[in-house]
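So you can see what is in the structure, the chains are spelled out below.
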Amino acid sequence: MEPDAMEPHAMELSAVVTGAARGIGRDVVTRLRAAGYRVVAVDISPDVTSLAGDGVLPMVADVTSAATPTEAVALAVSSFGRLDLLVNNAARFLRRPILETSDDDFDSLFATNVRPVFRFARAALPALVESRGCIVNTASISGLIGVPNQSVYAMTKGAIVQLTRQLAIEYAARGVRVNAVAPGAVDTEFMAEARAADPDPGASLAVTLANHPIGRMSTPDEVARAIVFLAAPGSAGITGTILSVDGGYVAR
Ligand SMILES: NC(=O)c1ccc[n+]([C@@H]2O[C@H](COP(=O)([O-])OP(=O)(O)OC[C@H]3O[C@@H](n4cnc5c(N)ncnc54)[C@H](O)[C@@H]3O)[C@@H](O)[C@H]2O)c1
């Protein structure tokens, strides 16, 4: 029988996770440690240093910096001897009507949410070919369907969806799998901060919950488990997939 996705994958695997200081990324680090990975945990927030030790090397760095992807991959390979998994998870949210969205909003969101995903993949792929490893990107339901007032954020997530499919095809024959998760609303500070900026946070929460057939947001750990599932050896037949973790949102 194949190993269960939630069982330890192997004791010597290594991963790079971006956006690891809080929210989904932090739970990904916890789940990966439980599955036996050693992790380079990248975040612009110094809070990521609280993950230090027990197989986790924190790296305080801005993913928009050109040097960060190569430095993170080099740290994983020099410290752990290999790289098996890249989790491209760092992003910023922007909920804003298009008529109020500036060129600077557009450029800065693409600089944070899209270009680092491309650069991290480009930096990691040579090591992932050697290990026959994989990439899991954090996309969003906003990259799959239309959601009001998210034009630029949705475009960034759509770009990630398409890069996922593209790299899955480009690297399938070289043994590297590339998948993404597409969360609906997840109960993290990311969502809480977005809601706090709404004129009526209570009404905004009610709309969010009504849009999710399960009647609640997902937890960050539920998304983390889906990411670890996609990385698992038992998921060797899965590549180019966008796995919704959205309580039924896009199924309606
Ligand atoms: N929370 C949701 O409802 C939701 C829904 C769909 C998709 N997502 C996606 O899930 C991922 C994680 O979201 P979350 O809810 O955990 O968010 P979060 O804001 O709680 O965590 C994001 C982390 O990314 C880090 N980060 C942001 N910009 C960075 C930069 N330039 N360099 C390095 N680190 C940076 C932040 O410091 C933070 O620790 C994101 O890709 C987000 O788009 C979230």
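Throughout this description, residue numbers start from 1 for each chain and increase along the sequence as written. Local features in this predicted model are restricted to residues whose pLDDT is 70 or higher, and side-chain atom pairs enter the listing and the counts only when it is 80 or higher, whereas totals over whole chains, interfaces and linings include all residues. Hydrogens and waters are ignored; side-chain quantities use all the structure's heavy atoms.

This brings us to the site of the ligand. Contacts to the ligand come from 27 residues, most closely from Asp43, Asn89, Tyr153, Val186 and Thr188. Contacts to the ligand include Val186, whose backbone N or O atom sits 2.7 Å from an oxygen atom. Contact distances for the ligand include 2.6 Å between an oxygen atom and a side-chain N or O atom of Thr188. Considering the ligand on its own, with 830 Å² of exposed area, one finds that the protein chains cover 94% of that surface. Put simply, DSSP H or I for four residues or longer makes a helix, DSSP E for two residues or longer makes a strand, and each gets a number counted from the N terminus. For the shell around the ligand, the secondary-structure elements that each account for two or more residues are α1 (23-34), α5 (151-171) and α6 (189-196). Classification used: nonpolar for Ala, Val, Leu, Ile, Met, Phe, Trp, Tyr, Cys and Pro, charged for Asp, Glu, Lys and Arg, polar for all others including Gly. Among the residues forming the shell around the ligand, the class breakdown is 14 nonpolar, nine polar and four charged. Each residue is tested against the molecule or strand, and it is near if at least one of its non-hydrogen atoms lies within 4 Å. Two N or O atoms form a polar contact when they lie within 3.5 Å of each other; inside protein one atom must be a possible hydrogen donor and the other a possible acceptor, and for residues adjacent in sequence the pair counts only when both atoms belong to side chains. Residue exposure ignores everything except the shown protein chains as possible cover, and the areas themselves are Shrake-Rupley values with a 1.4 Å probe.

Attention shifts here to helix α2 (residues 68-80). Given 3.6 residues per helical turn, the α-helix brings residues three or four places apart onto the same face. Multiplying one less than the number of residues by 1.5 Å gives the expected span of a helix. With 13 residues, α2 should reach 18 Å at 1.5 Å per residue; the first-to-last C-alpha distance of 18 Å fits that figure. Listing the buried residues of α2 in full gives Thr68, Pro69, Ala72, Val73, Ala76 and Phe80. End-on, the buried residues of α2 take up no more than an arc of 130°, which puts them together on one face. For α2, the secondary structure elements touched by its buried residues are β1 (14-18), β2 (38-43), β3 (56-60) and α4 (115-131). Gly81 occupies a position one or two residues after α2 and carries a positive phi of about 85°. When a residue's accessible area, from a 1.4 Å probe over protein chains only, is under 20% of the maximum for its type it is buried; when over 50% it is exposed; and in between it is partly exposed. Comment: arc refers to directions from the helix axis out to C-beta atoms. For this analysis, residues touch if any pair of their heavy atoms sits within 4.5 Å.

Here we come to the domain arrangement of the protein chain. How far each domain reaches was decided by an automatic or database domain assignment. Each domain of the protein chain was delimited in the assignment, giving domain 1 (14-183 + 219-244) and domain 2 (187-217). Once you take the C-alpha centre of each, domain 1 and domain 2 turn out to be 24 Å apart. Across the contact, 11 residues belong to domain 1 and 11 residues belong to domain 2. Buried area counts how much accessible surface, traced with a 1.4 Å probe, disappears from two parts once they are put together, with both parts' losses summed. Surface buried jointly by domain 1 and domain 2 totals about 850 Å² across both partners, of which 51% is contributed by carbon and sulfur atoms. It is Arg22, Phe93 and Arg95 in domain 1 that bury the most area against domain 2; as a group they hold 58% of the surface buried on that side. When the shortest N-O distance is used, the salt bridge between Glu222 and Arg216 registers 2.8 Å. Inspection of the domain 1/domain 2 interface yields four residue pairs in polar contact (both at pLDDT 80 or more). Here the residues of the side of domain 1 that touches domain 2 sort into five nonpolar, two polar and four charged. Counted as salt bridges are all cases of a side-chain nitrogen of Lys or Arg within 4 Å of a carboxyl oxygen of Asp or Glu.

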